[in-house]
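Tertiary structure, described
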Amino acid sequence: MKTSDQPVISVIVPTYQGAHRILITLSSLANQRFTDFEVIVVIDGSTDNTAAVITKAKLPMPVRVHEQENRGRAGARNAGAALAKSPYLVFFDDDVEIPENVIAEYVQMINVHPVVVGAFYPLYKIKNEFAIYSSYLNDQWTTTLPVRGKMSAPYLSAANFFIERKVFEQEGGFNGALPDTEDFDLAVRLFEKGITLFYNPDLKVGHAIQQSFGEYATRLLQYKNAQRLLLAENPRAAKYITSHIKPKGVKALIYACFSAPLYIRLIDAGFFRILPQKLRFRLYNLILVAYPLHHSK
């Protein structure tokens, strides 16, 4: 694989303590059908041996490694964008598996849409109850997005999207003050300025998922807490987020009843497996909404 001095696309992969997972992403990039792109890995204050892992892998493509003090995901992505040689940027997380057609598909989007958002399928180590539920959640989520086309509400995931560099820079990139939700913040800012966010489900990558309901509940709680800072930094986001509105009346009482951490442990212990899948997944939905709602700071 050989990249020109002026690559068509710059691929940016931020990583933190990613030595054990980064090669999943880089190996799949090395197998792309379209090859005229550069890869920039930003090691964001890691204390593991990520750089050595990349060097020892002897990948059949050049990888530019930039190491910096920890600035968070937003700061790492912004650093990668500043180093890019191409006017077109693609961002991936360090734990995604990228099918061989994806970069070629992104190239087809150049000069068509300024921002293109890809899709995901879950990657799991074992096919346990959470893996099955995660696939169900993914299917449910995609029904809220257009089949293919312009989105009617702001959304993008920094784990898999394309943006013209000039648009990224005009908007100031990711907000470095946000340790989380920085991608939704960018989506809101772009959407509010009338910039088209185009969803293309063909640009699908595998994304590593949590291994248990407990891990997933912890992530939901982190995201819930991060939304408070997001709303402080970007009040315009409030009209696109309903989860910050506290339920009232009977609904509030129901959520309170199902918010105990014990329910998460019971799910992981298989306590509810006696129920039909449709019914228990609805129960999981209720518990996983109630938990962060009542335990966020």
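Scroll up to find the structure.
Source: prediction; values computed, not measured.

Reading guide: rules and limits
- Residues numbered from 1 in each chain as written.
- Predicted model: local features only at pLDDT ≥ 70, side-chain atom pairs only at ≥ 80, totals over all residues.
- Heavy atoms only, no water.
- Helix = DSSP H or I, 4+ residues; strand = E, 2+ residues; numbered from the N terminus.
- Rg over C-alpha atoms; globule rule 2.2 N^0.38 Å.
- Contact = heavy atoms within 4.5 Å.
- Areas by Shrake-Rupley, 256 points an atom, 1.4 Å probe, with all protein chains shown as cover.
- Lys, Arg positive; Asp, Glu negative; His and termini not counted.
- Charge placed at Lys NZ, Arg CZ, Asp CG, Glu CD.
- Buried < 20%, exposed > 50% of the residue type's maximum accessible area, 1.4 Å probe, protein only.
- Pairing = 2+ DSSP bridges.

Time to look at the overall build of the protein. Across its full length, the protein holds 11 helices and nine strands. In terms of overall dimensions, the protein is globule-like: its C-alpha atoms have a radius of gyration of 20 Å, near the 19 Å expected for 297 residues. Taking the principal axes of the C-alpha coordinates as reference, the protein spans close to 60 × 40 × 40 Å. For the protein, the share of sequence-separated contacts (at least 6 apart) that also reach a separation of at least 24 residues comes to 81%. Accessible surface computed for the protein: about 14500 Å², of which carbon and sulfur atoms make up 55%. Side chains of the protein give 33 positive and 27 negative charges; the mean places of these two sets differ by 7 Å.

Attention shifts here to the pairing of strand E8 (residues 160–164). Across the five residues of E8, five count as buried, placing the element largely inside the fold. Residues Asn160, Phe162 and Glu164 line one face of E8 and the alternating positions Phe161 and Ile163 line the opposite face, and both faces are buried. In this sheet, E8 lies alongside strand E4 (residues 88–92) in antiparallel orientation, the contact comprising five bridges. From the neighbouring strand, Tyr88 faces E8, where its bridge partner is Glu164. The sheet contact formed by strand E6 (residues 115–123) and E8 spans three bridges and is antiparallel.

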